[in-house]
Amino acid sequence: ASAASAAKDASEDAYESLAHVARGCSARAFVRGLGTWTTTLSERVRASERGGASGATRAASEALRETLTRAGGLADVPGVRKECSNAIATASSGMVRMMTQGTREGFELATTCARWHPGALRPHAAALEKACAAIVSSSEDEDARGRAVVCLAALPRIAGDAGAWSAHARRVMYAAHSAMHDAFEGAEDGELKRQLDVTLAPPTETLPKPFIEGGWPLGSIEALISMLECLEEMCRARFPCAVPMPTVAAVTLVARALACDGTPVASIPGLPPSPVAPELVVALPRVHIAALGVLEALLETARTTALPQGGRIARALEGVLRASAPSPSDVENGEPIRHRMHARACAHDAIAIASYALGGAYVSGELASAIASFVIQDAKPCGTGKSALASGGQQSKASAKKRKKGGAWGNATAEGLDDLTTAAALDDMSGPSAGSAALEAIKLQTSALRALTAMLTIAGAMLAPGIRSRMDVTISQAIAQVCDLSAPMAEVDDASAERRDAAFDALLASVLAPRPFRSPNLPLAVAVFAKGSCDPQTSKKCAQAALAINALLHPSAPPLASQAIAPPVERMGAEGNAMAPQWASFTFDAHTAANVGAADALRASVGDYYKTADAPTAINAAVKQNAVAPAPVDDEPDGENVDMENSEVPANANATVQPAAVEAFKNVPVSGFGAAAGAPAFAAPKANVEPPTDFISFSAPANKKAKSDMWDTNPEPVGLGSGKSKVVMELSDDSDGELPEIHSGDDEDDEDDEDE
């Protein structure tokens with residue numbers, strides 16, 4: 001009560017004290033004093049000055065906003081809704097006046113009322129829309145224009161139904177579409193324009209009502225950016241009911257905005273194109289950033305319902321990444337290169353959101369084929385300047401490698417040397433001292449690493465082997481840049497710390513994403529996360545990652561895909577125990593040296609699989625002592641054919657070494673994995689027992705033909721419940737059955753060799 005009485009005399013500190021009391025008091029005290037507080041504050045807002053709001057009026061408006069925000073959570077308490085409606089009705093005239101003057105507090109108060117108490121604003125909806133549209137179209141204050149855009153996006157909550165939201169979204173998209181007509185004149189072919197005309201303004205319906213009659217005072221480019229920001233806010237903000245997302249129209253609108261790259265296009269085929277307006281070329285990165293914001297908000301909200309438009313989304317992202325690649329000459333002016341880096345970073349953020357929203361099949365298919373090379377290029381640790389210049393300067397890089405007159409620089413002019421020197425200076429800088437361009441380059445690499453993390457997390461096992469290998473190599477190079485294993489972790493700025501965290505996340509995703517073989521980054525991940533766990537800066541993230549790596553290194557059971565590890569065949573013995581392979585089956589080999597070598601290899605494999613450290617040595621000695629080599633075979637037989645089936649075989653060729661003859665197997669368990677190396681392991685198998693078809697047998701005789709389906713490299717797909725599981729190995733055409741190689745070099749080296 002004392003705070004309310006003090007606020008009547010228009011003291012700015014008194015209004016701030018009242019706002020503090022409204023925030024911190026108990027719920028019972030808040031309800032008890034709500035009527036007095038709202039009456040005092042609404043009277044002060046209604047009496048706002050016409051020439052401009054004073055500091056006290058701004059403070060009163062802010063205090064009323066915080067009071068109404070807390071009252072929105074207590075609207076079901078009797079009397080709260082009525083007091084808030086009376087306060088809004090009293091302050092509405094002053095609030096509209098403040099909005100017309102471009103006061104930030106007025107727009108914030110109107111947005112709060114539309115979100116928490118929309119019913120009280122229904123008589124003033126038209127006045128609020130007019131005030132918002134006037135500031136959006138004419139104000140040069142970016143802060144006020146941004147607040148007006150947010151308030152304009154919240155106006156559909158006043159009606160509160162899905163039809164009002166859809167109609168308002170259509171008006172916003174049509175306003176942006178109309179602004180593109182003037183902004184993109186001479187810079188587009190018109191195909192997407194015709195598609196939007198059919199989607200947003202079909203001939204059978206009336207045109208949406210424009211927000212501003214006539215042209216926008218700030219120009220069509222600013223109108224386009226403001227409408228795209230309004231559409232993004234509408235997609236992100238919560239709404240009282242479910243609304244249908246205009247996926248097709250929004251994706252087409254975004255595709256039209258991203259397709260414009262500033263290249264002149266002839267309006268009539270055969271005639272030279274008209275030059276593009278310089279204002280559009282300068283503002284094009286801002287247009288792309290606003291369009292990418294709409295795409296991110298749409299994907300976060302629509303998710304899989306946007307999957308039918310996945311192909312257009314992938315092509316739009318590919319186009320903006322290709323168009324925003326700066327050339328080495330852009331480093332002379334840091335402003336264009338900074339905006340282009342920001343646009344590319346927003347594109348990578350959209351790629352990450354699309355990966356999480358649309359699923360692995362889309363990521364490994366259309367998305368990866370369109371944008372994987374750009375993401376990999378921007379994620380490479382090429383310093384702070386080269387990472388942004390590499391994709392745009394491929395031709396200059398190839399020509400510089402060809403040695404002509406003038407040495408390694410080729411035919412570079414003075415301007416070219418200045419460009420390269422500036423790029424080298426950017427590469428040597430890091431942190432805030434490098435300027436905005438260097439910081440944007442660090443943020444660009446961070447966003448690219450996050451995009452790689454999303455793609456590997458969602459579709460790591462489904463990516464093409466070539467793309468997956470390039471991703472793994474790029475991540476290992478980024479880790480080498482942010483973490484030196486031979487030195488302690490260094491103190492870095494916030495941007496570099498975010499890049500390091502993104503690199504750690506990408507490394508973990510690279511290791512955990514399945515491959516037909518062990519991840520090549522696994523040893524690096526073990527070393528990096530073990531080192532990072534001991535540093536206070538990275539201990540939390542690295543300790544969590546180390547738990548996942550530990551589970552990968554020490555699995556509790558063999559993997560489901562048995563062919564990935566190719567364990568020895570297990571058979572059931574007479575007593576129901578597992579049986580190891582028969583060692584004496586190797587005596588069918590005619591050469592004793594080959595027999596011993598194969599037996600040693602098998603024993604080493606079984607010793608590792610069953611975790612028996614001392615068994616192979618004892619078994620090896622016993623087999624060498626008791627096995628009897630067959631009779632020597634004449635290398636040059638007299639006859640042309642040799643009957644191996646009826647040839648003489650030693651009597652004890654199939655004799656097995658009994659466990660009692662081996663000292664290491666006298667005290668062995670009788671069940672479990674330990675029994676596999678124990679006494680029942682060397683009992684003669686039953687004649688009618690065949691090995692499982694999904695295991696590769698290492699114990700079959702050398703002259704016995706294996707089953708045809710055991711070595712089938714292209715098996716037919718097996719459905720669920722069929723009892724068989726096979727892993728299809730993805731090998732390149734020239735691999736000859738070996739694992740795919742990781743190529744980290746450039747394709748330009750091969751071109752140079754051909755030139756020589």
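It should be noted that the structure appears before, not after, this text.
Residues numbered from 1 in each chain as written. Predicted model: local features only at pLDDT ≥ 70, side-chain atom pairs only at ≥ 80, totals over all residues. Heavy atoms only, no water.

A.B. asks: When you look at the overall build of the protein in this model, what are you seeing that I'm missing?
C.D. replies: Counting its regular elements, the protein contains 28 helices and two strands. In the protein, which comprises 756 residues, the proportion classed as buried is 43%. Here the analysis covers contacts within the protein between residues at least 6 apart in sequence; of these, 75% occur between residues at least 24 apart. For the protein, the exposed area adds up to about 38,400 Å²; of that, 54% sits on carbon and sulfur atoms. (Helix = DSSP H or I, 4+ residues; strand = E, 2+ residues; numbered from the N terminus. Buried < 20%, exposed > 50% of the residue type's maximum accessible area, 1.4 Å probe, protein only. Contact = heavy atoms within 4.5 Å. Areas by Shrake-Rupley, 256 points an atom, 1.4 Å probe, with all protein chains shown as cover.)

A.B. asks: Looking at this structure, how should I read the side chain of Arg344?
C.D. replies: Looking at the element boundaries, Arg344 is found in helix α16 (residues 334–358). Polar side-chain contacts of Arg344 include one of 3.4 Å to the side chain of Ser324. (Polar contact = N/O pair within 3.5 Å; in protein donor to acceptor, adjacent residues only side chain to side chain.)

A.B. asks: I keep staring at helix α24 (residues 522–532) and nothing clicks. Help me out?
C.D. replies: Those residues of α24 that sit buried are Leu522, Ala525, Val528, Phe529 and Gly532. Projected down its long axis, α24 carries its buried residues within an arc of 125°, all on one side. On its buried face, α24 is in contact with α22 (465–482), α23 (494–512) and α25 (539–553). (Arc of directions from axis to C-beta.)

A.B. asks: Would you mind showing me how to read the side chain of Glu232 here?
C.D. replies: Within the element layout of this structure, Glu232 appears in helix α12 (residues 220–236). Looking at Glu232, the relative accessible area reads 19%, which means it is buried. Excluding residues that lie within four positions of it along the chain, Glu232 makes contacts with Gly293, Val294 and Ala297.

A.B. asks: I keep staring at the packing of helix α13 (residues 247–259) against helix α15 (residues 310–323) and nothing clicks. Help me out?
C.D. replies: When two helices pack together, you describe them by how their axes are tilted relative to each other and by the distance separating the axes. Closest axis-to-axis distance for the α13/α15 pair is 9 Å, and the angle between their directions is 20°. In terms of orientation, α13 lies roughly parallel with respect to α15. In terms of crossing hand, the pair formed by α13 and α15 is left-handed. Contacts from Val251, Thr252, Ala255 and Leu258 in α13 reach Arg312, Ile313, Ala316 and Val320 in α15. Of the residues assigned to the contact of α13 with α15, the class counts are six nonpolar, one polar and one charged. (Axes fitted to C-alpha atoms, helices over the stretch in contact; angles between N-to-C directions. Parallel < 35°, antiparallel > 145°, perpendicular 65-115°, else oblique. Left-handed = near helix turned anticlockwise from the far one by under 90°. Nonpolar A, V, L, I, M, F, W, Y, C, P; charged D, E, K, R; others polar.)

A.B. asks: Is there a simple way to explain the nonpolar core in this structure?
C.D. replies: Nonpolar side chains tend to gather and get buried jointly when the protein is soluble and globular. Within the largest apolar cluster, 155 residues are counted, with the highest numbers of intra-cluster contacts made by Met99, Leu128, Leu299, Leu317, Ile351, Ile371 and Phe529. The greatest single-element share of this core, amounting to 13 residues, is contributed by helix α14 (residues 278–302). Apart from residues lying up to four places away in sequence, Leu299 is in contact with Ala306, Ile313, Ala350, Ile353, Ala354, Ala357 and Leu358. (Core = buried A, V, L, I, M, F, W, Y, C linked by side-chain atoms within 4.5 Å.)

A.B. asks: Please clarify how α15 should be interpreted in this entry.
C.D. replies: Note on helix geometry: an α-helix contains 3.6 residues per turn, so any two residues three or four positions apart are oriented the same way. If you check α15, its first and last C-alpha atoms are 20 Å apart, about what 14 residues at 1.5 Å a residue would give, namely 20 Å. For α15, the set of buried residues is Gly310, Gly311, Ile313, Ala314, Ala316, Leu317, Val320 and Leu321. (Expected span 1.5 Å × (residues − 1).)

A.B. asks: Would you explain unusual backbone geometry in this entry?
C.D. replies: Across the chain, the bulk of peptide bonds are trans and the bulk of non-glycine residues have phi less than zero. Within the chain, Arg303 stands out as a residue other than glycine whose phi angle is a positive 55°. Relative to the helices and strands, Arg303 is located in the loop between α14 and α15. Looking at Arg303, the relative accessible area reads 40%, which means it is partly exposed.

A.B. asks: What is the right way to look at the state of the cysteines in this model?
C.D. replies: Working definition: the covalent bond between the sulfur atoms of two cysteines is a disulfide. As enumerated under the stated definition, the model contains zero disulfides in all. Distance from the sulfur of Cys113, which forms no disulfide, to the nearest cysteine sulfur (Cys84) is 8.8 Å. Residue Cys113 is classed as buried on the basis of its relative accessible area, which comes to 2%. As a non-bridged cysteine, Cys483 has Cys542 as the owner of its nearest cysteine sulfur, 7.5 Å distant. (Disulfide = S-S within 2.5 Å.)

A.B. asks: Any chance you could explain the pattern of salt bridges here in plain terms?
C.D. replies: If you walk through the whole model with that rule in mind, you get 25 salt bridges. Note that Arg115 and Glu233 form a salt bridge whose closest N and O atoms lie 3.5 Å from each other. A residue pair is termed long-range when its members are at least 10 positions apart, and Arg115 in helix α6 (residues 104–116) and Glu233 in helix α12 qualify at 118 residues. Since its relative accessible area comes to 36%, Arg115 is described here as partly exposed. Of the charged contacts in the structure, one is a salt bridge between Asp505 and Lys541, with a shortest N-O distance of 3.1 Å. Here Asp505, found in helix α23, pairs with Lys541, found in helix α25; they are 36 residues apart in sequence, far enough to count as distant. By relative accessible area, Asp505 is classed as partly exposed at 31%. The class for Lys541 is partly exposed, based on a relative accessible area of 27%. Each member of the salt-bridge network shares a partner with another, and the members are Arg58, Arg104, Glu105, Glu108, Asp143 and Arg147. (Salt bridge = Lys/Arg side-chain N within 4 Å of Asp/Glu carboxyl O.)

A.B. asks: What is the right way to look at the packing of aromatic side chains in this model?
C.D. replies: The relative placement of two aromatic rings is captured by the distance of their centres and the angle of their planes. Going through the model one piece at a time under the given rule, you end up with two aromatic pairs. Ring plane angle 80° and centroid distance 6.1 Å describe the contact between Phe504 and Phe529, whose orientation is recorded as edge-to-face. Of this pair, Phe504 sits in helix α23 while Phe529 is found in helix α24, placing the two residues 25 residues apart along the sequence. With relative accessibility at 2%, the residue Phe529 sits in the buried group. Sitting above the plane of the Phe30 ring, Arg70 keeps its charged end 4.9 Å from the centroid. (Phe/Tyr/Trp six-rings, centres within 6.5 Å; stacked < 30°, edge-to-face > 60°. Lys NZ or Arg CZ within 6 Å of the ring centre and 35° of its normal.)

A.B. asks: What exactly am I supposed to notice about the packing of α23 against α25 here?
C.D. replies: Where α23 contacts α25, the two axes come as close as 11 Å, and the packing angle between them is 10°. Between α23 and α25, the interaxial angle falls into the category roughly parallel. Packed against α23, whose contacting residues are Asp501, Phe504, Asp505, Leu508, Val511 and Leu512, the element α25 presents Lys541, Cys542, Ala545, Ala548, Ile549 and Leu552 at the interface.

A.B. asks: I'm lost on the environment of Ser139 in this one. Help?
C.D. replies: Within the element layout of this structure, Ser139 appears in the loop between α7 (125–138) and α8 (142–154). Here Ser139 falls in the buried class, since its relative accessible area comes to 14%. Taking the C-alpha atoms as reference, Ser139 lies 7.8 Å from Leu218; in sequence the two are 79 residues apart. When residues no more than four places from it in sequence are discounted, the contact partners of Ser139 are Ala134, Ala144, Arg145 and Leu218.

A.B. asks: Would you mind showing me how to read the environment of Ala530 here?
C.D. replies: Looking at the element boundaries, Ala530 is found in helix α24. Distance in space between the C-alpha atoms of Ala530 and Ala543 is 7.8 Å, their sequence separation being 13 residues.

A.B. asks: Which parts of the structure should I look at to understand the environment of Arg65?
C.D. replies: Note that Arg65 resides in helix α4 (residues 55–72). Expressed as a C-alpha distance, the spacing of Arg65 and Gly106, which sit 41 residues apart in the sequence, is 9.4 Å. Discounting residues that sit within four places of it in the chain, Arg65 has contacts with Glu108, Leu109 and Thr112.

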